[in-house]
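Notes for the structure review
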Amino acid sequence: MSDLNFHPQQSGLWLDSPEDREIQERLELFQVFSKIYTHNRALLNEILELENSSGKSLSRTGLFFYLQGVVVEDTAYLITNLLDGHTQALRQPTRIWTIGRDPRQVSLILRDKRLSRVHAAIWYMPQQGFFLSDFDSRNGSFVNGNRIQEHCPLKDGDRIRLGSTTFSFFACTEFRSVAPPSLQCLQRLQDSSGGIPTLPPEVGEDASGNQAGREVAPDISSKPSITPQSNMPTEETAKLPWLKKPNEQI
């Protein structure tokens, strides 16, 4: 094998053209990977395995993965595009969404070789919010780069990594109504689109000339639900706080 410590400038070769500089950069990169492979072959193999396992199952042409917790009155939902790459709203009566590779034990099944069969759970506690719990997984659960121990509260904008799967978490617990479109905006839509559907009576202006509108709570009751597979807690979910005795604390 040729000398990996070869330096063009030291040998009297000056790389002035863009093509020559590109060759030099590639040579230096090759030297770095050669040193990694020589001194830490297992690390390089793990990096390559991560690239192969996560790229085929989840990385679809730059798709941004997210998971959003939504609370409507007394019902909690998870909205995510982690499953099959398209957005779904998931309703779970127990407010516990388990995550892992085993379809017989978890609610959210992810094809990630670095995930445990029952890896973690996201759950909702009324008046407290959403939490992430790790079930003693081999490769751990991370929030904003920090490995969590048991239960971790989640906040809007957190970055979560489970195995080699990374996604953003968002929380939505408040809803508010916004002003309806003015008649001028409606007229512009009418002119530009060649016709819009008939508007409900609460949109537009009332007889006094004021904008009228009423708040309508979002209806996502028709979204698919994930029912618990058993009324009895599993070994992993039994560790979650609200399944403990009343005098115990989180």
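Small disclaimer: the values here were computed from a predicted structure and weren't measured.

**Quick look at the overall build of the protein**
For the protein, the helix and strand inventory stands at 3 helices and 14 strands. Counting across all 250 residues of the protein, residues that qualify as buried make up 34%. Long-range contacts, defined as pairs at least 24 residues apart, comprise 42% of the intrachain contacts of the protein with a sequence gap of at least 6. Element-wise, carbon and sulfur atoms account for 50% of the exposed surface of the protein, whose accessible area totals about 16800 Å².

**Remarks on the sheet that holds strand S6 (residues 120-125)**
The mixed open sheet is built from 5 strands, whose spatial order is S5-S4-S6-S7-S10. At either margin of the open sheet sits one strand with a lone partner, and together these are strand S5 (108-109) and strand S10 (151-153). Judged from the 2 bridges that link them, strand S4 (residues 96-100) and S5 form a sheet pairing that is parallel. Within the sheet, the bridge partner assigned to Gly100 lies in S5 and is Ile109.

**Focus on helix H1 (residues 18-39)**
What sets the pattern is the α-helix's 3.6 residues per turn: residues three or four places apart point alike. Its 22 residues place the ends of H1 32 Å apart at the C-alpha level, agreeing with the 32 Å of an ideal helix rising 1.5 Å per residue. Among the residues making up H1, those that are buried are Gln24, Gln31 and Ser34. Projection of H1 onto a plane perpendicular to its axis shows the buried side chains occupying an angular sector of 80 degrees, all on one side. Exposed residues lying more than 90 degrees from the buried face of H1 are Pro18, Glu19, Glu25 and Arg26.

**Examining the pairing of strand S12 (residues 165-172)**
When strand S1 (residues 66-72) meets S12, the two strands line up parallel, connected through 5 bridges. Within S12, the residue paired with Tyr66 across the bridge is Ser168. Note: strand S11 (residues 158-162) against S12, 5 bridges, orientation antiparallel. Pairing of Arg159 across the sheet is with Ser168, part of S12. Between the antiparallel neighbours S11 and S12 lie 2 residues, among them Gly163 with a positive phi of about 65 degrees.

**Comments concerning the confidence of the model for the protein**
Summary statistics for the protein give a mean pLDDT of 76 and a share of 61% for residues scoring 70 or more. When the criterion is pLDDT under 50, residues 54-62 qualifies, and its contacts beyond four places in sequence or with other chains add up to 10 contacts.

**Some remarks on the pattern of salt bridges**
Tallied over the full model, the rule gives 2 salt bridges. When the shortest N-O distance is used, the salt bridge between Asp102 and Arg104 registers 3.3 Å. On the accessibility criterion, Asp102 (5% relative accessible area) is buried. Residues Lys155 and Asp158 are paired through a salt bridge, measuring 3.1 Å at the closest nitrogen-oxygen approach. According to the relative accessible area criterion, Asp158 is buried, its value standing at 2%.

Thresholds, definitions, all that
- Residues numbered from 1 in each chain as written.
- Predicted model: local features only at pLDDT ≥ 70, side-chain atom pairs only at ≥ 80, totals over all residues.
- Heavy atoms only, no water.
- Helix = DSSP H or I, 4+ residues; strand = E, 2+ residues; numbered from the N terminus.
- Buried < 20%, exposed > 50% of the residue type's maximum accessible area, 1.4 Å probe, protein only.
- Contact = heavy atoms within 4.5 Å.
- Areas by Shrake-Rupley, 256 points an atom, 1.4 Å probe, with all protein chains shown as cover.
- Pairing = 2+ DSSP bridges.
- Expected span 1.5 Å × (residues − 1).
- Arc of directions from axis to C-beta.
- pLDDT = per-residue confidence, 0-100.
- Salt bridge = Lys/Arg side-chain N within 4 Å of Asp/Glu carboxyl O.

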